[in-house]
Amino acid sequence: DTGVSQDPRHKITKRGQNVTFRCDPISEHNRLYWYRQTLGQGPEFLTYFQNEAQLEKSRLLSDRFSAERPKGSFSTLEIQRTEQGDSAMYLCASSPLGTRTEAFFGQGTRLTVV
Amino acid sequence: GIQVEQSPPDLILQEGANSTLRCNFSDSVNNLQWFHQNPWGQLINLFYIPSGTKQNGRLSATTVATERYSLLYISSSQTTDSGVYFCAVDPRLVAGKSTFGDGTTLTVKP
């Protein structure tokens, strides 16, 4: 297993377009997380899944954002009607079940909205 | 929610020098990780350390949970150590969302 994989690595889109990102977690990890990072800041939590269930969503996740993990494996994050303020690095992480577990991050998808 | 403060925000060192990075948090934590963000943006795991002390080569970390802080030590720094260092904490026993600090940007000059 090569770790958490995200696709695409970079995305440039015009304002108002929809974009979708994919995350493939480490295969035996049941938990999957999405974070957003803007320049000069630490990552901010967006949402997380345990298997296919979305257990928590941040208030940062407006109604233009939707995340899915339909079969408890890979996940997608869709942004509808993108705005310039959506420009950021979108990071995915995964971790095993259990208490006191370590999360591992993918390379991220850098979104630029023009 | 929990607050995380990292210091210093920026650190410039000569190669070979030692450094200490600090992470203060406002509440008890059950999960704490240190990461190094490489120039391409990926977060590299350094330590999982909700309490105690760990060492890995030139890096070591200590978390004093009762006093709500963690320290990352880098000895004999190298230019490849440059980048942003983050600590991330979660007060819950079963990890859900982590709260990150704003990071320490380390520049190691040759």
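Relevant structure appears above.
Treat the numbers as computed from the prediction; the structure is a model and nothing was measured.

### Let's talk about the state of the cysteines
Residues and elements named next belong to chain A. In the structure shown here, the tally under the stated rule is two disulfides over all chains. Put simply, Cys-23 and Cys-92 are joined by a disulfide, and their sulfur atoms are 1.8 Å apart. Taking the sign of the torsion about the S-S bond as the criterion, the disulfide between Cys-23 and Cys-92, at about -70°, is left-handed. Residue Cys-23 is found in strand β3 (residues 19-24), and its partner Cys-92 is found in strand β9 (residues 88-95); the two are separated by 69 residues along the sequence.

### What to know about the packing of aromatic side chains
One pass over the full model with this rule turns up ten aromatic pairs over all chains. For the ring pair Phe-105 of chain A and Phe-100 of chain B, a centre distance of 6.0 Å and an interplane angle of 85° mean the geometry is edge-to-face. Taken together, the residues Phe-105 of chain A in strand β10 (residues 104-105) and Phe-100 of chain B in strand β10 (residues 99-100) connect one chain to another. A single burial state applies to Phe-105 of chain A and to Phe-100 of chain B, both of which are buried. Following the ring pairs from residue to residue traces out a cluster consisting of Tyr-33, Tyr-35, Phe-45, Tyr-48 and Phe-105 of chain A together with Phe-35, Phe-86 and Phe-100 of chain B. The ring of Phe-74 of chain A has Arg-22 of chain A lying over it, and the distance from NZ or CZ to the ring centre is 3.9 Å. One residue, Arg-22 of chain B, lies across the ring of Tyr-69 of chain B, its end atom 4.2 Å from the ring centre.

### Concerning the interface of chain B and chain A
Opposite the 23 residues of chain B that make contact, chain A presents 24 residues. Inspection of the region where chain B meets chain A yields two salt bridges. Of the charged contacts in the structure, one is a salt bridge between Arg-92 of chain B and Glu-56 of chain A, with a shortest N-O distance of 3.0 Å. At the surface where chain B touches chain A, the tally comes to ten residue pairs in polar contact (both at pLDDT 80 or more). The greatest single-element share of the side of chain B that touches chain A, amounting to four residues, is contributed by strand β4 (residues 31-37) of chain B. Broken down by class, the residue content of the side of chain B that touches chain A amounts to ten nonpolar, ten polar and three charged.

What counts as what
Residues numbered from 1 in each chain as written. Chains lettered and ligands numbered in written order. Predicted model: local features only at pLDDT ≥ 70, side-chain atom pairs only at ≥ 80, totals over all residues. Heavy atoms only, no water. Disulfide = S-S within 2.5 Å. Helix = DSSP H or I, 4+ residues; strand = E, 2+ residues; numbered from the N terminus. Phe/Tyr/Trp six-rings, centres within 6.5 Å; stacked < 30°, edge-to-face > 60°. Buried < 20%, exposed > 50% of the residue type's maximum accessible area, 1.4 Å probe, protein only. Lys NZ or Arg CZ within 6 Å of the ring centre and 35° of its normal. Contact = heavy atoms within 4.5 Å. Salt bridge = Lys/Arg side-chain N within 4 Å of Asp/Glu carboxyl O. Polar contact = N/O pair within 3.5 Å; in protein donor to acceptor, adjacent residues only side chain to side chain. Nonpolar A, V, L, I, M, F, W, Y, C, P; charged D, E, K, R; others polar.

Scope: geometric values only; no functional claims are made or implied.
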